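Now for the letters of each chain:
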Amino acid sequence: MSLPDSELPRTEDEWRVRLSPAEFRVLREHGTEPAWTGEYVDTKTPGMYRCRACGAELYPSDTKFDSHCGWPSFDDAIPGAIKEIEDNSLGMSRTEIRCARCDSHLGHVFRGEGFTPKDTRHCVNSLSIRLDPNDA
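Model, not experiment: these values are computed from the prediction. Residue numbers run consecutively from 1 along every chain, following the written order of its sequence. Local features in this predicted model are restricted to residues whose pLDDT is 70 or higher, and side-chain atom pairs enter the listing and the counts only when it is 80 or higher, whereas totals over whole chains, interfaces and linings include all residues. Remark: hydrogens and water are excluded; side-chain values derive from all non-hydrogen atoms of the structure.

Draft legend 1. Just the sheet that holds strand S2 (residues 57-60), in detail. One open sheet accounts for three strands, arranged S2-S1-S9; its pairing is antiparallel. Because the sheet does not close on itself, it has two edges, and the strands there are S2 and strand S9 (129-133). Each strand of the sheet is rotated relative to its neighbour by a mean of 30°, with strand direction disregarded. Strand pairing is assigned whenever DSSP identifies at least 2 bridges connecting the two strands. In this text, helices come from DSSP runs of H or I with a minimum length of four residues, and strands from runs of E with a minimum of two, each type numbered from the N-terminal end. In this structure, strand S1 (residues 47-51) lies alongside S9, joined through five bridges in antiparallel fashion. Looking at S9, one finds that Tyr-49 is bridged to Leu-131. Helix axes are fitted to C-alpha atoms over the stretch in contact, other axes to C-alpha atoms as well, and angles between N-to-C directions run from 0 to 180 degrees.

Structure representation (structure tokens):
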């Protein structure tokens, strides 16, 4: 479930207490987990993927696809759930994606690769999301 706005951390020190060191590195310090190591790379379970930091709904499981890139990939997000930030780190131009609610780093979005009819790949760290499975 989503944290109430009144319970969202306001400082990085508050986030550090709430998140594991690995989650903090990815979500708050814009890190990347190693390819093929995340718990959701191959997951096919139906449900809703939420921001691991604040619980906001981000991606319905039916938008997840296998891109063979080593990270969970989605071709669409819930409208308004994600914000895009220009990222010129690592000597290249990319588009970082963050949770629109708590500004936590999720990964990067790539367009024009031809994987899906929407031609978009949200490449997301498993440490940035949590799957809320549908009830059977």
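Draft legend 2. Representation of the UniProt feature "domain: MsrB" (unreviewed entry) in the chain. UniProt positions are given in the numbering used here, feature names are shortened, and annotations may be inferred rather than shown by experiment. In the UniProt entry, the feature "domain: MsrB" (unreviewed entry) is given for residues 12-134. A distance of 32 Å separates the end C-alpha atoms of residues 12-134, which is 11% helix and 34% strand.

Draft legend 3. Structural detail: the confidence of the model for the chain. As a per-residue quantity, pLDDT reports the predictor's confidence and falls between 0 and 100. Looking at the chain, pLDDT values average 93 and 98% of them are 70 or higher. When pLDDT is averaged over each element of the chain, S2 comes out on top at 98 and strand S5 (residues 82-87) at the bottom at 92.

Draft legend 4. Broad picture of the sheet that holds strand S7 (residues 105-111). The strand order S3-S4-S8-S7-S6-S5 describes an open sheet built from six strands, whose pairing is antiparallel. Looking at the sheet topology across the chains shown, the edges are occupied by strand S3 (64-65) and S5. Where S3 meets strand S4 (residues 73-74), two bridges bridge the pair, whose relative direction is antiparallel. Counterpart to Lys-64 in the pairing with S4 is Phe-74.

Draft legend 5. Looking closely at unusual backbone geometry. Of note, the phi angle at His-68 is positive, near 60°, even though the residue is not glycine. Here His-68 lies in the loop between S3 and S4. Phi at Asp-103 takes a positive value of approximately 65°, unusual for a residue other than glycine. In this fold, Asp-103 is placed in the loop between strand S6 (94-99) and S7. A residue is classified by how much of its surface remains accessible, and Asp-103, at 27% relative accessible area, is partly exposed. Relative accessibility decides the category of a residue: with a 1.4 Å probe and only protein chains considered, values under 20% of the type maximum give buried, values over 50% give exposed, and everything between is partly exposed.

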